[in-house]
Amino acid sequence: MRPPLENVLRNALVRNLELIEPGLRPVQLEEYPLPNAHGTRGSIDILARDRHQMWVVTELKRSRSSARQALHEVKKYTELLCRERNLAPDRIRAVIVAMPDDWNELLVAVSHAARDWSHDLRGYRLLLDGTGAPEGAERVEVLPRAFEPRVTPIHNLFFFTPEDQCDLGWKIISKVADELGALGLLAADLDRVAEKHYIPAPFGLYLAVGRVNEEIASEELLDGYGGPEPFAAEYQAEYLALCAICNRLARSEMRGMNMESAQPGLLKNLAENPNWAIRGF
């Protein structure tokens, strides 16, 4: 079934705004004109108020070609309404309503705007019945901020006396990382295979902390680091994660365990050192 014309959908939806959100009601049944002294003007498809008395700019789009204009228009109309009514940014919201297939075109752009815009921006998929009339709406979940996982320069070495301590140490490290939301870790198991008499702890664990995704990290990692370590300034959350891991291991009271700071390049040196062997990652 082909969706009805946009003005037909708008006229049907404006009388049933609770299909979108409970308590949403129109300011007027007609489109809301917005003349502007700077030469920019247009009409809000549906201007509404929600149950908290906030203003809601609602733009309805029924085709992919018009969907591409939705974000531009909703930003423009929100700004014009703020100026016309002298509203603070936190007193006005914006809503884009579009057909389900149109969100293939809209989702990335709307997700970016929803994360970074000063106004509350939401999207809904409009559902139609067999006659083409609106019968419901589904909230669109915006995409999280793009995240590129990679290893950071925040590295450390842990040494253990009995071999089973190494496995226990990794379990503790993994548990702390899970609790903090620092899910990117690279670790290498090391064995001292020659000249063992020179060191008291012949089993090593080399740890490199990956980038922390702030979307899932705990507040403990996002409070910032103001300590004396200058190398931690660029990777504050990652350094705080390593500090928490080291503190938990220190409290575990594993006999003979010790720690040393490390840096990029050291693992390569250990791999090339005939006294050490990497058992696995």
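This text goes with the structure placed above it.
From a predicted model like this one, the values you see are computed outputs, not experimental measurements.

(A) Quick peek at the pattern of salt bridges. Per the stated rule, a full pass over the model turns up 13 salt bridges. Beyond isolated ion pairs, a larger network of salt bridges with shared partners links Glu21, Asp50, Arg93, Asp120 and Arg122.

(B) Spatial organisation of the packing of aromatic side chains. Across all of its chains, the model carries three aromatic pairs by this definition. The interplanar angle of 70° and the centroid separation of 4.9 Å between the aromatic rings of Tyr225 and Tyr239 together place this pair among those described as edge-to-face. Of this pair, Tyr225 sits in the loop between helix H5 (219–222) and helix H6 (236–251) while Tyr239 is found in helix H6, placing the two residues 14 residues apart along the sequence. Relative to Tyr239, the ring of Phe231 lies with its centre 5.4 Å away and its plane at 90°, an arrangement referred to as edge-to-face. For Tyr239, a relative accessible area of 13% puts it in the buried group. Three or more aromatic residues joined by ring pairs make a cluster, and in this case those are Tyr225, Phe231 and Tyr239.

(C) Quick look at a nonpolar patch on the surface. On the surface, Val151, Leu186 and Phe281 cluster together to form a nonpolar patch covering roughly 310 Å² of accessible area. Relative to the helices and strands, Leu186 resides in strand S10 (residues 185–192). Accessibility expressed as a relative area gives 35% for Leu186, which makes it partly exposed.

(D) Region of the structure containing the pairing of strand S7 (residues 120–128). Note: strand S6 (residues 92–98) against S7, six bridges, orientation parallel. Bridging across to S7, Ile96 finds its partner in Gly123. The parallel pair S6 and S7, bridged by helix H3 (residues 103–116), forms a crossover whose chirality is right-handed. Counting the residues that bridge the hairpin from S7 to strand S8 (residues 134–139) gives five residues, and of these Gly132 lies at a positive phi of roughly 90°.

(E) Geometry of the packing of helix H4 (residues 163–180) against H6. Remark: H4 packs on H6, axes separated minimally by 9 Å, with the N-to-C direction vectors making an angle of 135°. With respect to their mutual orientation, H4 and H6 come out oblique. Viewed along their axes, H4 and H6 form a crossing whose handedness is right-handed. Together, Gly169, Ile172, Ile173, Lys175, Val176, Glu179 and Leu180 of H4 and Ala241, Ala244, Ile245, Arg248 and Leu249 of H6 make up the contact between the two elements.

What counts and what doesn't
- By convention here, each chain's residues receive numbers from 1 onward along its written sequence.
- Reporting in this predicted model follows two pLDDT cut-offs: at least 70 for local features of residues, and 80 or more for side-chain atom pairs to be given and counted; totals over whole chains, interfaces and linings ignore these cut-offs and use all residues.
- Side-chain descriptors were evaluated using all non-hydrogen atoms of the structure, hydrogens and water having been removed beforehand.
- A side-chain nitrogen of Lys or Arg and a carboxyl oxygen of Asp or Glu constitute a salt bridge if their distance falls within 4 Å.
- Pairing of aromatic side chains requires ring centres within 6.5 Å, counting the rings of Phe and Tyr and the six-membered ring of Trp. Pairs whose planes differ by under 30 degrees are stacked, by over 60 edge-to-face, and all others tilted.
- Secondary structure is summarised from DSSP: a helix means a run of H or I of at least four residues, a strand means a run of E of at least two, and numbering begins at the N terminus for each.
- To sort residues, take the accessible area from a 1.4 Å probe on protein chains only and compare it with the maximum for the residue type: under 20% means buried, over 50% means exposed, and anything in between is partly exposed.
- A residue counts toward a patch only above 30% relative accessible area and without a salt bridge, and it is joined to like-charged neighbours within 9 Å or, for Val, Leu, Ile, Met, Phe, Trp and Tyr, to nonpolar neighbours within 5 Å.
- Here, Shrake-Rupley sampling with a 1.4 Å probe gives the accessible areas, and only protein chains in the shown set may cover a residue.
- Note on pairing: DSSP must find at least two bridges between two strands before they are called paired.
- The definition of a right-handed crossover adopted here requires that, viewed with the strands pointing away, the path from the first strand over the helix to the second runs clockwise.
- Axis lines are fitted to C-alpha atoms, over the contacting stretch for helices. Their N-to-C directions set the angle, which ranges from 0 to 180 degrees.
- Oblique is the label for any angle not covered by the other classes, which are roughly parallel (under 35 degrees), roughly antiparallel (over 145) and roughly perpendicular (65 to 115).
- Two helices cross in a left-handed way if the nearer one is turned anticlockwise from the farther one by less than a right angle. They cross in a right-handed way if the turn is clockwise.
- Any two residues whose heavy atoms approach within 4.5 Å are treated as being in contact.

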